[in-house]
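Listed below are the residues making up each chain.
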Amino acid sequence: MRISLNWLNDYINLKAYMPTEISQTLTSLGIEVESIETFKTYSGPVVVGEVVECEKHPDSDHLSICKVKHIDDKISQIVCGAKNVKKGLKVAVALPGAALPNGIKINTGKIRGTASEGMLCSDDELGFGIGTDGIKELDAKAPVGKDVAEYLQLHDTVFEISLTPNRADCLGYVGIARDLAAKLQTALTEPPLKGQTTDKISSAKTTGVTVQNKDACARFSALYVQGLKALPSPMWLQRRLLAAGQRPINVIVDVTNYVMLESGQPIHAYDLRSIKGGKIAVRFAKDGEKLKTLDGAERVLRAEDIVICDATGPIGLAGIMGGENSEIREDTTDVVIEVACFDPRQVRRTSKHFGLHTDASHRFERGVNVDNIANVNERVAFLLQKASQDVGNNDVQIAADMIDSYPLKSKPKPIALRVSRLRKMLSIPALNVEKIKEHLNRLGLKLLDSTDDRLLFEVPTWRLDLEREIDLIEEVARLEGYERIPSQMPMLNIEPSYENPLIAFTDSARVSLARCGMHEVIHYSFIAAKDFDLLMIPDGHILRAHVDLANGLSDELNTMQTTLAANLLKAVMQNRRRGVRGSRLFETGRAYFDQNHKNMKAKPPSYWQSYISDKSRLMTHQAADEKRPIERPILAGILDQPRQGKSWQSEESSLNFYDGKAVVTNWLKSFGLSQSCRFEALETQSVPFLNPTAAATIFVGSTAIGYLGELHPAVSRNFEFGVGDGPVYFEIDLQRLFAKVEEPKTFVSELSKFPATLRDLSFVVRSNITHQNILDAVDKFPERSLLKSFQLFDLYSGNPIPEGSKSLSYSVAFQSISKTLNDKEVDKELDGLLKWLNHSVGAELRV
Amino acid sequence: MDIRQELEQTKSLFLTSLSSLKKTPDHMKVEELRIQFLGRKGKVNSLMELLKNADKADRPLFGKAVNDLKQNIEAEISQLKIAAEAWQMKTLLERPALDVSMPVSEPQLSSSLHPVSLIRMELLDIFRRLGFSVYDGPEIDFDFYNFSALNIPEDHPARDMQDTFYLKGAEKLFLRTHTSNVQVHAMMSTKPPLRIVAPGRTYRVDNDPTHTPMFHQIEGFMVDEGISFAHLKGTLDSWVKKLFGINAQTRVRPSYFPFVEPGAEMDMSCMVCFGKDKSCRVCKGTGWLEIGGCGMIHPNVFESVGYDSERYTGFAFGFGLDRMAMLKYRIDDLRTFFDGSQEFLEQFPVFSR
């Protein structure tokens, strides 16, 4: 909202203050000033001039050649086309260097072969508004050489303010002036109301008003004004509207806008001719009823919308916009002024429904001062009369009677304030009772009663935001100044309160994963619905049990993610396009699942089963009452090709499953879980976007904590990677991982001081036997007592190993806690182990 | 085979190897030599085997000869070992020096945390020291937690301050517009005293260089008997000074957030120009930067969660983590935070400050 300082000065004398001081005061009151602008319509030299000579141009029938005296009594020759130019006239002369608001830059030039060193300006050219034809005629006493804007006091300062929705009262200049006056402890001048009325005409006899529902319209006033002309408004009025950012139209429309900006109360003027049957009714619309609003759009109304009607139907959408059929026209002379109070909620709903946010709806939504309505109507009539007189129309008549439907008068609102409570909240030591009373008094609150601690105030009807004690406390704080409240640290009981340990764990998970050579990214939580197709997630899969936005910014950002894969794949591709290969990114975020989705009901692959049932400790104290979507904290990482670019020591090498496994295993080491972690071939259809031949479920103990794998070649292609050039991706369920981290561990305190004996063994096993099968068998070896470690160092298949088999070589260490082992002891356990492995996994010792 | 012949051959073979090794006593070759002659299946042992089959009469003589040879070889090899070590040391020290400027060619383990994470972790550290616990809360929430319980009733113009993403098919469910919903969750499940901060993702329908549809906020609130506005100011000043340094100033000025009253806007002094540069791009010459909203928790909020609003008072504040990171790292376009560029992210190593 634009606040003109000149205009504001009508209600409060601010001449003693610099604009920056006023701005600071406004901001300290909670009326935030976003910018201060010096409002000038033109720039450069435009000064008062005197036409000392004026002759007809020899080659033109309408041009005159003038000699004009201006700054320091210099005289310039200026060619002028206006009819009203004459010798002796005081004029506004724009000299070379001036730039006018219509875009004209003044230079020395020639017009019809005659030199012209400037321009004599009209109102319009000066940007003062729509004026009379011809150049501006200044008063004969105007001092030659003075800046025109300064002489006419046209310079203005405009504060662009940003108003919070609670301060409906400040949607008008008077409200802002009132706050300023209270803070600056100065007087407020209310605008004059009464015009010259006549009982020769009557509002009541001109129009009847019926308000059918008093909840929809608490008050409705109508006043008949006659003899108007839709002339351009006087300059003072136009200038103020311009400074406030409103386009002047004609005196009738301009006055209604002016009074709205002044009082904060929207006003509507109807051309009397358009009120058919001489009747106005306020009622709810009929479902399907139509109204063409002023903006030319046809609105199909609903039964909840409030309309203003005449005998034939709707002529206005109450509190939002008038109808095109009742608009003020160029030949309008007689009007009915409507000033009313409509239900804020319904105005808001209707305005939202039609996407029609207007100055009027903005104010009605926030609430208007119902007690001021008759005053505003009188003020409009008064200004219509006065402004018309200023432009030469002395025929304006105001009906002596105003129609005022106000069935339920507003009741005074008393609020009690306890001084002790105020002191406790604000801890301003020096604030005494008298000061409190004074502050509230200045804001228009009336002290009704006062006992020791309790002050009872009546709240003025313009302060709809003051509802209870705390609101008064804020008012006192505002006027006293927040800077007067001391700054103190609270005295606390230092007992630490509960914190979900998953939160701190997540941060350490981030740090430790980053330390594995990864970079943390953050993406929006949104993906595109079509990403599920790109990821080849079939219908019915749990990863498609997603939540959709009703009003996402675009199709690309319309679905909440169930996996971080889509955004990470796009990020890797984006990095490649920027010439960065081999990026290694990770993100922690949430996966969002719709509990009620049909895909949550089908039996999912086992990895996902607990997503339906297990909601333990996902979040701190979340009220677990409703069927809200599930939000699971997840962490995902992605490693792009190549593993390593070509270098002076080696060729470029590409990345595979095992590089991802290395990162995950190293990372799990930070939590002491690398020993208990296992990778098992991914269950079919568990994660459809991974390559089933190179993907695994990650287990810690018997809990599946995540999955890892090379990208499915088709998905690779879908995300514009080469078929064989896709990244490696992993995703971890942080809540499941954390449960494992929290499990108690056993620690070995006694370590052997004796040397270990190493033996290398090669076995032949069938190809389907995994390394993990062998490790599991070793773990179960019943006679195990000296075996310390069992590490794979070679894998071989091909001649002479028979087809369908492979050879695995292990380095096996034996160690005793109490002595150095001899060959016999080692051989005995080794023989037992070989027999056991032969029995359990069919391993044959290779000779 | 004739032991005599064999003895001579072994002797001369050893001498040949020895003389060549003496010139370049490579330690690997010395070891090979030792295995060749002194190993389990070495030449000396084969001589010992031959000795067993020799004539009884010859045995003492040959026995001594083999033994002498063995001792001789052992002595020579231990000499050689010393020489080999010296020679190896010499080679290591006298070779041309490496070009130490050659680039590292193993995959480089550079690592970074997102600037918003860095700021969040730093702030959480400060708030934990101030006695706050960290909470989280749902990002998809019901109207009640995000609006109604926070004194923002339906059809209230205050809802326009936060343009909301709604869920398809669920009118009352939407993406939280602020982290303030955690206030309601926390208060509904625990009793005072409360000292909580809650960082997290938040969502509003917005997209320009300083607003993204998803952004990060942190909410802080304290509820107890006797908490006053002065405590809010003290706490605010304390964390800002810890994050931005002792010279940072703070101020509060009246503003409106429906769930606090008195409500305030928190500003901090511009750490770029300290209010001295009228053309400062960061603070636009005002010397102050808006960082967020705060105030005393509105009694309506306490009442909607079932707290005794007479007994308890509290303060709350909330601000944007992304904005804080933009201020701290002087980043102009918020969107760079969310586009996953590794080149950008590499500037924020794990332990950067």
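The secondary structure content of chain A amounts to 23 helices and 40 strands. Taking 847 residues into account, the globule formula puts the C-alpha radius of gyration at 29 Å, and chain A, at 42 Å, lies well above it. For the C-alpha atoms alone, the extent of chain A along its principal axes is close to 130 × 80 × 60 Å. By residue count, 43% of the 847 residues in chain A fall in the buried class. In chain A, of all internal contacts separated by at least 6 residues, the share reaching a separation of at least 24 is 70%.

Let us now look at the sheet that holds strand E20 (residues 314–317) of chain A. Residues and elements named next belong to chain A. The five strands lie next to each other as E13-E16-E19-E20-E21, forming an open sheet whose pairing is mixed. Lying at the two open borders of the sheet, with one neighbouring strand each, are strand E13 (208–211) and strand E21 (321–322). Note that strand E16 (residues 279–284) and strand E19 (residues 306–309) share four bridges and pair antiparallel. In the sheet register, Phe284 faces E19, and the bridge partner there is Ile306.

Residues and elements named next belong to chain A. The strand order across the open sheet formed by four strands is E38-E39-E37-E40, and the pairing between neighbours is antiparallel. Only two strands of the sheet have a single partner each, and these edge strands are strand E38 (787–796) and strand E40 (844–845). Of the pairings in the sheet, the one linking strand E37 (residues 757–766) to strand E39 (residues 805–814) comprises 10 bridges and is antiparallel in character. In the strand pairing of E39, Leu758 is matched with Ala813.

Listed by partner, the interface residues are 79 residues for chain B and 85 residues for chain A. It is helix H8 (residues 229–244) of chain B that provides the largest number of residues to the side of chain B that touches chain A, a total of eight residues.

A few words now on the packing of helix H8 (residues 251–263) of chain A against helix H11 (residues 373–390) of chain A. Residue and element names in this part refer to chain A. Relative orientation of the contacting elements H8 and H11 amounts to 135°, with a least axis distance of 9 Å. The orientation of H8 relative to H11 falls into the category oblique. In this structure, the crossing between H8 and H11 has a hand that is right-handed. Contacts between H8 and H11 involve Val251, Ile252, Val255, Thr256, Tyr258, Val259 and Ser263 from the former and Val376, Arg379, Val380, Leu383, Leu384, Ala387 and Ser388 from the latter. Of the residues contributing to the contact of H8 with H11, the split by class is 10 nonpolar, three polar and one charged.

What follows is about helix H2 (residues 19–28) of chain A. Ile22, Ser23, Leu26 and Thr27 of chain A are the residues of H2 of chain A that are buried. One side of H2 of chain A holds all its buried residues, which, seen down the axis, span an arc of 135°. For H2 of chain A, the exposed residues lying more than 90 degrees away from the buried face are Thr20 and Glu21 of chain A. Contacts from the buried residues of H2 of chain A go to strand E2 (32–39), strand E11 (156–162) and helix H5 (173–184) of chain A together with strand E7 (250–254) of chain B. Following H2 of chain A by one or two positions, Gly30 of chain A adopts a phi angle in the positive range, close to 95°.

Let us look at the confidence of the model for chain B. Confidence in the prediction of chain B, expressed as mean pLDDT, is 90, and 99% of residues score 70 or more. Two numbers describe this predicted complex: its pTM, 0.86, and its ipTM, 0.87.

Let us now look at helix H13 (residues 433–442) of chain A. All names here are of chain A. Buried within H13 we find Ile436, His439 and Leu440. Considered in projection along H13, the buried side chains sweep an arc of 90° and stay on one side of the axis. In this structure, the buried residues of H13 make contact with helix H12 (419–426), strand E27 (454–459) and helix H14 (469–480). Among the residues trailing H13, Gly444 stands out with phi positive, at a value near 95°.

Here is what the cut-offs are and how they apply
- Residues numbered from 1 in each chain as written.
- Chains lettered and ligands numbered in written order.
- Predicted model: local features only at pLDDT ≥ 70, side-chain atom pairs only at ≥ 80, totals over all residues.
- Helix = DSSP H or I, 4+ residues; strand = E, 2+ residues; numbered from the N terminus.
- Rg over C-alpha atoms; globule rule 2.2 N^0.38 Å.
- Buried ≥ 20, exposed ≤ 12 C-beta atoms within 10 Å, placed from the backbone.
- Contact = placed C-beta atoms within 7 Å.
- Pairing = 2+ DSSP bridges.
- Axes fitted to C-alpha atoms, helices over the stretch in contact; angles between N-to-C directions.
- Parallel < 35°, antiparallel > 145°, perpendicular 65-115°, else oblique.
- Left-handed = near helix turned anticlockwise from the far one by under 90°.
- Nonpolar A, V, L, I, M, F, W, Y, C, P; charged D, E, K, R; others polar.
- Arc of directions from axis to C-beta.
- pLDDT = per-residue confidence, 0-100.

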